[in-house]
Amino acid sequence: MSSLAEPQASRPLSRSPARSPALSPALGPSRCGGERRKGAPDGGASQETRSADLNHAIRLLEGSDSSNLEEEQLKVLKKVVKRFENGLPLKDLAQIIDILNLCAEKVNEQEAFIEPMCELIKLCGLPFQKKKLSDEVSYSVTVSKLIAQLGYLMRVPSSQVRIQICKCIISFYKMELPRKLLSGYQPTSANYKIQMAELGGLAETFVLSLALVENELIEKLWVLKALQHLSSSGVNCRHMLKAQAASRLCLYLNDVDPSGQLVFRSSEILWNLLENTSKEEVVNQLSSLECVHALKEVFVDLLLHGFRHYDRQLRNDLLVIATLVAENPAAPMIESGFTTLLVVLATYTEVKIPNPLLKGLKLTFSYEDFEMKKLLFNIIGILSKDPRAVQLLSENDVMPALLYYVKPHQKPGFHEWSASQYEELQLHAIAILASVAPFLVDKYLSCQANTLLLVFLEWCMGQDILKYAANKSKERDDAILLEIQADTLFILSAVCENDAHRKELFSYEGVDILIPFIQMDPKKLYSGLGHNRLLFSALDCLWACVVGCYIAEDYFLEQQGVFLLLDLLALKQKNLCNIILGILVEFCDNPRTTFHISTWRGEKDQTAANLLIQLWRQEELDLGVKRDRYGRIADVKRPIVSSFQKQQEVIPMPANSPSFAIVEISENIRAKLYLLLCKLGFEDLPGLSAKDFVTLAIIRRYVDFKVGEVWSEVCTELKEEFRPVASDEEALKVISEVSENIGRSVAALQTEVLESHHRQEIREEEKTYTKIQAVHKQKEMVNKSWENFLTRTSNYEALKKAKRLQEKSIEASRSKLKTQNGAVHSTDIKGLSTTIGSGRLVTVESTPSQLIGGPLSGTDLALGKPSVCEGALKNIKRVKTLDSIKKDLGPVK
């Protein structure tokens, strides 16, 4: 047992002088004796006494192995245990380490020392006693050595000692205070021993001790129980990984254990290792052929013979660990046969083909089996990334099994999944189908998957979410349905892309399915339920399944699809603009598209050209392109360079590598906007303001400006590498000047546009001012007429003057030629009592008798009797109010 004395260095360097056992107070009368109580020493003397007791015990244990001395040694050990039954003081732990090591040496030949040694170890499970708060720090090295020594004592060939050590370690995590505390002492903090165990590396030693108990089931279970507690700490888990804990535990999974605790505790420790340390390192330790085979065997055993709820849970835990191992390409999953088993199990309930690997399997529709089904779908997605496993997926009918769920759920029977479980399985199946389909295209097409997906998608769109909301809230079910639809659209995109025939199959029905998605209410994009992802999936499907097929494109145009895209573009959402503009650019290869874009009108009669120019301005604002306050070019040498681009240094690049000026084209939407405006034409664009024309002048020369940027980079690279010859330098200078002149010409054009607009505004302003002036003049004339009217009604002299002027005017208006034999009628109204001029009143007098037979006598107008109004007019006095007078007079002109 020389190896067990490893921590001998922890003994104190100096000891108290040797004392005779007879003189030791520790071996004197009982604590309850009167003489003893009377002569009780003070605190300092008590501490010296305890130290002397332990030193005496150490000297006795180091003595020769005689039968008489053995009895004395056991007696001393029992008294030490009795004295410290309420806890070990921190200052005495160094001597306790020595005593434990000496006891361990004697256990090999003297079994009598097993019981006192176990009692001492049991004392280590009680809270240590400290006198000062600083003692925990002061004695931390000694405490960590003692706890580490417990791990080394696992080498003692005694089942009782090993089990007691495990119990002691477990007690660290379930600390209970002793019934009585030492006088002047207090217990250490609850987590103190746990921290010291981490410091002493106890976990690593305990993992190594598994080799000592591999053939002893009870001891092994106690060790696993202790490791389960230790693995709750990240520090301990790292120590355990150093001792290859993951692989050691995995290799013990198949050991015989009727209680089932071995698999349970081992899996719990593996989970703690995965959660508290590097997942990659744990997986690497589990990726040996022996470990994978052990995982497979215990999984099959639980699968076929585990009927308890606990067994099914444990089976699923091991399946998750197997899934993590399968993610490691180096893991021998195929070589061990584990991959074949998992694939067959994943398709077992759908294809219903008997397989000898699963003979006797009986799956239920319990929650644990439901969780296992989802885990199996997940592992198929992982295996599809391994080219070696693709053939296995094809041979074991994975594609029909996944497509089994691409259909509406019928009314569930008694022994089937519930509606909510079935929908969740649909979600998982379609998600995995998206990963597997590109690798199993032939199987995908032979199962008519496109037709199944389109029919299923149409069914999804026509269903109420509430109809299938069994035991779930509306939001959750809605999110699941949206994710199913998004995954389905993604699959269609992957299958139809770059395949003209498949696009034609998609065309009519596919477009009808896509249109409602593109018409989605923009408010739903912020619901958080997945509408945003669904819209992106629909746009991606439109690009992959419609663009490039004239039949599908024409039908999309007929359904006003371009209008819907422009409506979405008008939202000006940064994440939508890029993909929508890309689709529109591709659509412009169809000659009918340009007309649709030109016809579109948005809010406030906005045109497509105006929208595209607004997006250009916003993009330049985001890029930090320098412009003046009117939107004109501010830097004629680098008119469209972003602020980030200016900060980049020109680095010489190989000829086949794009420069920053080229790479920048794909990183923003300006190139797409330029292409769309090129399709629309830069002339006679409707609905543009002067500011739009200023921006349009820049867009029109976008390619020229980009060419200038590239030449600028070429010049900079040449000057950094070598000096050009005179002719080349002159050519480069001319090219630079041409680019700069283009910038100046565009800036001059912009200025001319602004000036022309300013002149137009001035002309419009003058016209408006003239109209305003005429209105004011009219108002002045009305006011003046009203003032004259008031003057005539309030001043009699003014009225007479106005009357005279009126008469003169009337007289002046009469013809100077007198009518022979004609009647003269007076224009005055006799008896009028108003103070104003006469209104629209005419008195018609009869023709005098002497004129009967005159010019009118022979006509139908000849009067045969007096006027019926003549008498009445003589009796009427027309007095008009001011308002009626104004009404009669009308406006003065």
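Conventions we followed
- Residues numbered from 1 in each chain as written.
- Predicted model: local features only at pLDDT ≥ 70, side-chain atom pairs only at ≥ 80, totals over all residues.
- Heavy atoms only, no water.
- Axes fitted to C-alpha atoms, helices over the stretch in contact; angles between N-to-C directions.
- Helix = DSSP H or I, 4+ residues; strand = E, 2+ residues; numbered from the N terminus.
- Parallel < 35°, antiparallel > 145°, perpendicular 65-115°, else oblique.
- Left-handed = near helix turned anticlockwise from the far one by under 90°.
- Contact = heavy atoms within 4.5 Å.
- Nonpolar A, V, L, I, M, F, W, Y, C, P; charged D, E, K, R; others polar.
- Phe/Tyr/Trp six-rings, centres within 6.5 Å; stacked < 30°, edge-to-face > 60°.
- Buried < 20%, exposed > 50% of the residue type's maximum accessible area, 1.4 Å probe, protein only.
- Lys NZ or Arg CZ within 6 Å of the ring centre and 35° of its normal.
- pLDDT = per-residue confidence, 0-100.
- Salt bridge = Lys/Arg side-chain N within 4 Å of Asp/Glu carboxyl O.

Which parts of the structure should I look at to understand the packing of helix 28 (residues 531-545) against helix 31 (residues 574-587)?
For any two helices packed against each other, the geometry comes down to the angle between their axes and how far apart the axes lie. Running from N to C, helix 28 and helix 31 cross one another at 15 degrees; their axes reach a closest spacing of 10 Å. Classified by the interaxial angle, the pair formed by helix 28 and helix 31 is roughly parallel. Pair helix 28 / helix 31 crosses with left-handed handedness. Where helix 28 abuts helix 31, its residues Asn532, Leu535, Phe536, Leu539, Asp540, Leu542 and Trp543 lie against Asn575, Leu576, Ile579, Ile580, Gly582, Ile583, Glu586 and Phe587. Split by residue class, the contact of helix 28 with helix 31 holds 10 nonpolar, 3 polar and 2 charged.

Please clarify how the packing of aromatic side chains should be interpreted in this entry.
The geometry of an aromatic ring pair is captured by two quantities: the separation of the ring centres and the angle between the planes. Taken as a whole, this structure holds 14 aromatic pairs when the rule is applied. Measuring from ring centre to ring centre gives 4.8 Å for Phe365 and Trp417, while their planes differ by 80 degrees; the resulting arrangement is edge-to-face. Placement of Phe365 in the loop between helix 19 (348-351) and helix 20 (367-383) and of Trp417 in the loop between helix 22 (398-403) and helix 23 (419-436) is noted, with a sequence separation of 52 residues between them. Judged by centre distance (6.4 Å) and plane angle (45 degrees), the ring pair of Tyr367 and Phe370 falls under tilted. Of the two residues, Tyr367 and Phe370 both sit in helix 20, 3 residues apart, roughly one turn of that helix. By relative accessible area, Tyr367 is classed as exposed at 52%. Overall, Phe370 belongs to the buried group, its relative accessible area being 3%. An aromatic cluster of at least three residues, connected via ring pairs, comprises Phe365, Tyr367, Phe370 and Trp417. Across from the ring centre of Phe128, 4.3 Å away, lies the NZ or CZ of Lys193, which sits over that ring. If you follow Arg670 out to its NZ or CZ, it ends over the ring of Trp616, 5.9 Å from the centre.

How should the confidence of the model for the protein be read in this particular structure?
For any part of a model where pLDDT is low, the fine detail of the predicted coordinates should not be relied upon. Looking at the protein, pLDDT values average 81 and 83% of them are 70 or higher. Overall, residues 466-477 carries pLDDT values under 50, and its contacts beyond four positions in sequence, including any with other chains, amount to 19 contacts. Low confidence marks residues 854-893, where pLDDT is under 50. Its contacts with residues over four positions away, or in another chain, come to 26 contacts.

Please explain the pattern of salt bridges as it appears in this structure.
Proximity of charged atoms lets side chains of opposite charge pair with each other. This structure, assessed with the given rule, holds 31 salt bridges. With a shortest N-O distance of 3.0 Å, Glu424 and Lys374 are connected by a salt bridge. Within this pair, whereas Glu424 is found in helix 23, its partner Lys374 is found in helix 20, the two being separated by 50 residues in sequence. For Glu683, the salt bridge is made with Arg700, and the minimal N-O distance between the two is 2.9 Å. Placement of the pair is Glu683 in the loop between helix 36 (670-680) and helix 37 (690-700) and Arg700 in helix 37, with a sequence separation of 17 residues. Assessed through its relative accessible area of 41%, Arg700 is described here as partly exposed. A single salt-bridge network, built from bridges that share partners, covers Glu620, Arg627, Glu664, Arg670, Lys706 and Glu709.

Explanation requested: the packing of helix 27 (residues 500-518) against helix 29 (residues 550-558) in the structure shown.
Look at helix 27 against helix 29: their axes get within 9 Å of each other, and the N-to-C directions meet at 30 degrees. The interaxial crossing formed by helix 27 with helix 29 has right-handed handedness. Across the interface between the two elements, Glu504, Ser507, Tyr508, Val511, Asp512, Ile515 and Ile518 from helix 27 touch Ile551, Ala552, Tyr555 and Phe556 from helix 29. Tallied by class, residues from the contact of helix 27 with helix 29 come to 8 nonpolar, 1 polar and 2 charged.

What exactly am I supposed to notice about the environment of Leu525 here?
Note on placement: Leu525 falls in the loop between helix 27 and helix 28. In this structure, the C-alpha to C-alpha distance between Leu525 and Leu535, residues 10 residues apart in sequence, is 8.3 Å. Leu525 has contacts with Met520, His531, Asn532, Leu535, Gln573 and Leu576, leaving out every residue within four places of it along the chain.

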